[in-house]
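# Commentary on secondary and tertiary structure
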Amino acid sequence: MIAAVSYCVAVAVLHAEEPPVGIIGKNQWLFYRYELTDRSDATATDQSLDLVYRFSRVLASNGITLAVVMVPLKMRIYAEHLPDDVKLNSYMEVNYERMSKLLRKSGVAVVDLNAAFLNSPKRNSSSPLFYKLDTHWTQTGAMVAAETIQAEIETTPWLKKALVATPEESYNLVVGTRKIPSEGRDLIGQLPPNSIKFAYEQVTPVSVVRVRPAQQGLFGANGSGGVALLGSSYSRDWTGFVDALRYVLQRDIFSMGVGADQGSWVGMETYLRDDAFQLKAPKLLIWEMPERDMRAPPDYEFRELRYISNNTEWLLRASAWVQAECKPSTVGAKISSAGLGGRAGNLRGGDLTTGPTNEGDFLEIGFDRPLDKLDYVDVRATVSGATTLVMEGSGVGAASRKFTLNVMGDGAPHLLKTPLPSRGNGFTKVRVYPGRSGGIELQRLRVCRQPGDLLE
């Protein structure tokens, strides 16, 4: 097990005395100041690694194989272009290897992009692995990353087994005949005022096309799960990374890329509660995270408040969403006749169906004994109009606490799974406030139990 031993993101709070985020290097290379890190970040980094390890166990026990892909620091890959006053310290030099070894020791599959990038013959070619003026990798870098992932899968039995169990597709690579201006320029706006001007980088466009029409269903007509990619902005379509993976793996890939403001942890939760996961979980899940993000576990303080979470509670929520089957808890639950449940015709056979709701309206769920932290509520929810539900837990010896749950609000049924951890005795009652909505329906309410070793 990884000892519970910290992502510096674009949304980190800047103070007036801090230098600009963008760093002007040599040979018209720009760098991102938040890649700078030191040994003071080790504790938080190792907390992130421990969560990844625990989460990988949860996935494995539910038939999903995880491959972790950390995007290496641009500063390390192109250290020769750093300005003379910015140097890699000893921690930055070895931290990628240190993190990879810790994860591998715990049984997590890690794809080593750091070594692959440093040793790539394309590193100093006319098409480098990272954009000069951007934090992201180029299409060349994206392809090297995809090829490295493919090689790791081929040499790792459990990864190859997961890939072989997914439906194959056919993709061709199409290379453009002339160069065009690149989209990668995100560091230009992070430079000091009155900096020198930089010309657009020119790149050769590369596209990946499917040979045959797409099969029906998210991962093919046979209904089996496929390959999914949850990543950062490095995994968004414009970088070419998703297409590169499709090409080298010859598989369709469901992908979701999240921005630095939310971060990897919120991104993973967003994917897990999406129907793409809940209705057809993948056999192989590739989790791409920038190396610099690893020092920011869920409780990282320099995020927007709405994206900060207790580390353990993140794991409880993520694990609940992953569970393929409900292992019944000893706690029973039912919707009470209070609030919306007391209106004529709303409660039928333990399920609730309402008409339009307003601010202040609530429904109440009662539990026959206090909820434990490993318990979670599992219900099929249909909400029209509203995109959040506020849940307020209470009970004897348990301080009242509110939780905000994101819901689709599209009037279609979706699974809703959530633990309701208290900071004292467990909750025995939860009020749910839908706010203004076109109506809400709850069906098949039950309390399920997380694996007993989740937090051990």
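Overview of the structure.

Definitions and cut-offs
- Residues numbered from 1 in each chain as written.
- Predicted model: local features only at pLDDT ≥ 70, side-chain atom pairs only at ≥ 80, totals over all residues.
- Heavy atoms only, no water.
- Helix = DSSP H or I, 4+ residues; strand = E, 2+ residues; numbered from the N terminus.
- Buried < 20%, exposed > 50% of the residue type's maximum accessible area, 1.4 Å probe, protein only.
- Areas by Shrake-Rupley, 256 points an atom, 1.4 Å probe, with all protein chains shown as cover.
- Lys, Arg positive; Asp, Glu negative; His and termini not counted.
- Charge placed at Lys NZ, Arg CZ, Asp CG, Glu CD.
- Pairing = 2+ DSSP bridges.
- Axes fitted to C-alpha atoms, helices over the stretch in contact; angles between N-to-C directions.
- Contact = heavy atoms within 4.5 Å.
- Disulfide = S-S within 2.5 Å.
- Expected span 1.5 Å × (residues − 1).
- Bend = angle between axes of the 7 residues up to and from the residue.
- Polar contact = N/O pair within 3.5 Å; in protein donor to acceptor, adjacent residues only side chain to side chain.
- Core = buried A, V, L, I, M, F, W, Y, C linked by side-chain atoms within 4.5 Å.
- Phe/Tyr/Trp six-rings, centres within 6.5 Å; stacked < 30°, edge-to-face > 60°.
- Lys NZ or Arg CZ within 6 Å of the ring centre and 35° of its normal.

### Quick look at the overall build of the protein
Along the protein, the regular secondary structure elements total 10 helices and 21 strands. Projected onto its principal axes, the C-alpha coordinates of the protein cover approximately 70 × 55 × 40 Å. Going through the 456 residues of the protein one by one, you find that 53% of them count as buried. Approximately 20100 Å² of the protein is accessible, and the part contributed by carbon and sulfur atoms is 50%. In the protein, 51 positive and 50 negative side-chain charges are present, and the distance between their average locations comes to 2 Å.

### What to know about the sheet that holds strand β20 (residues 429-433)
Taken in spatial order, the five strands line up as β12-β15-β20-β17-β18 in an open sheet, and their pairing is antiparallel. The outermost strands of the open sheet, each flanked by one partner alone, are β12 (333-339) and β18 (398-406). Within the sheet, the average angular offset between the axes of one strand and its neighbour, ignoring direction, is 25°. Where strand β17 (residues 388-395) and β18 come together, seven bridges link them in antiparallel fashion. When the sheet's bridge partners are listed, Val390 is paired in β18 with Thr404.

### Structural notes on the sheet that holds strand β4 (residues 109-111)
In any sheet, the strands associate via hydrogen bonds between backbone groups, in a parallel or an antiparallel arrangement. The five strands are arranged β4-β3-β11-β9-β10 in an open sheet whose pairing can be described as parallel. The open sheet has two edge strands, β4 and β10 (253-257), and neither has a second partner. Sheet twist, expressed as the mean angle between neighbouring strand axes with direction ignored, is 20°. As paired elements, strand β3 (residues 65-71) and β4 share three bridges and run parallel to each other. Considered in β4, the bridge of Ala67 is made with Ala109. Lying on the sheet, helix α3 (residues 90-105) is in contact with β3 and β4; it crosses β3 at an angle near 170°.

### Looking at the state of the cysteines
Evaluated as defined, the whole model comprises one disulfide. A sulfur-sulfur separation of 2.0 Å characterises the disulfide bridge that pairs Cys326 with Cys448. The sign of the S-S torsion, about -105°, decides the handedness of the disulfide formed by Cys326 and Cys448: left-handed. With Cys326 in the loop between α10 (311-322) and β12 and Cys448 in strand β21 (residues 439-449), this pair connects stretches of sequence that are 122 residues apart. Assessed through its relative accessible area of 0%, Cys448 is described here as buried.

### Remarks on α3
For α3, which comprises 16 residues, the first-to-last C-alpha distance of 22 Å matches the rise-based estimate of 22 Å (1.5 Å per residue) to within 8%. Of all the bends in α3, the greatest, near 35°, is centred on Tyr96. Buried within α3 we find Tyr91, Met92, Asn95, Tyr96, Met99, Ser100 and Leu103. As for α3, its buried residues are in contact with α1 (42-61), β3, α2 (74-77), β4 and α4 (113-119). For α3, the capping residue at the N-terminal end is Asn89, with a side-chain oxygen 3.0 Å from the backbone nitrogen of Tyr91. Immediately beyond the C-terminal end of α3, within one or two residues, lies Gly107, with a positive phi of roughly 95°.

### Some thoughts on the nonpolar core
Val52, Phe55, Phe130, Trp137, Tyr271 and Trp287 are the most contacted members of the largest nonpolar core, which totals 81 residues. Apart from residues no more than four positions distant in its own chain, Val52 is found in contact with Leu66, Val68, Leu103, Val108, Trp265, Trp287, Met289 and Met294. Counting residues in each nonpolar core, the second largest holds 28 residues, with Leu371, Leu405, Ile440 and Leu445 among its members.

### Some thoughts on the packing of aromatic side chains
Taken as a whole, this structure holds 19 aromatic pairs when the rule is applied. Geometrically, the ring pair formed by Trp137 and Tyr234 is edge-to-face, given 5.4 Å between the ring centres and 85° between the ring planes. A residue pair is termed long-range when its members are at least 10 positions apart, and Trp137 in the loop between α4 and α5 (139-155) and Tyr234 in the loop between β9 (227-231) and α7 (241-249) qualify at 97 residues. The residues Trp137 and Tyr234 share a single accessibility class, namely buried. Centroid distance Trp137 to Phe241: 4.8 Å. Interplanar angle 50°. Geometry classified as tilted. One end of the pair, Trp137, is in the loop between α4 and α5; the other, Phe241, is in helix α7, with 104 residues separating them in the sequence. With relative accessibility at 0%, the residue Trp137 sits in the buried group. Put simply, the rings of Trp29, Phe31, Tyr78, Phe117, Phe130, Trp137, Tyr234 and Phe241 touch in pairs and so form one group of aromatic residues. The ring of Phe31 carries Lys74 above its face, with NZ or CZ at 5.4 Å from the centroid. The residue whose ring lies beneath Arg431 is Phe362, and the NZ or CZ to ring-centre distance is 4.0 Å.

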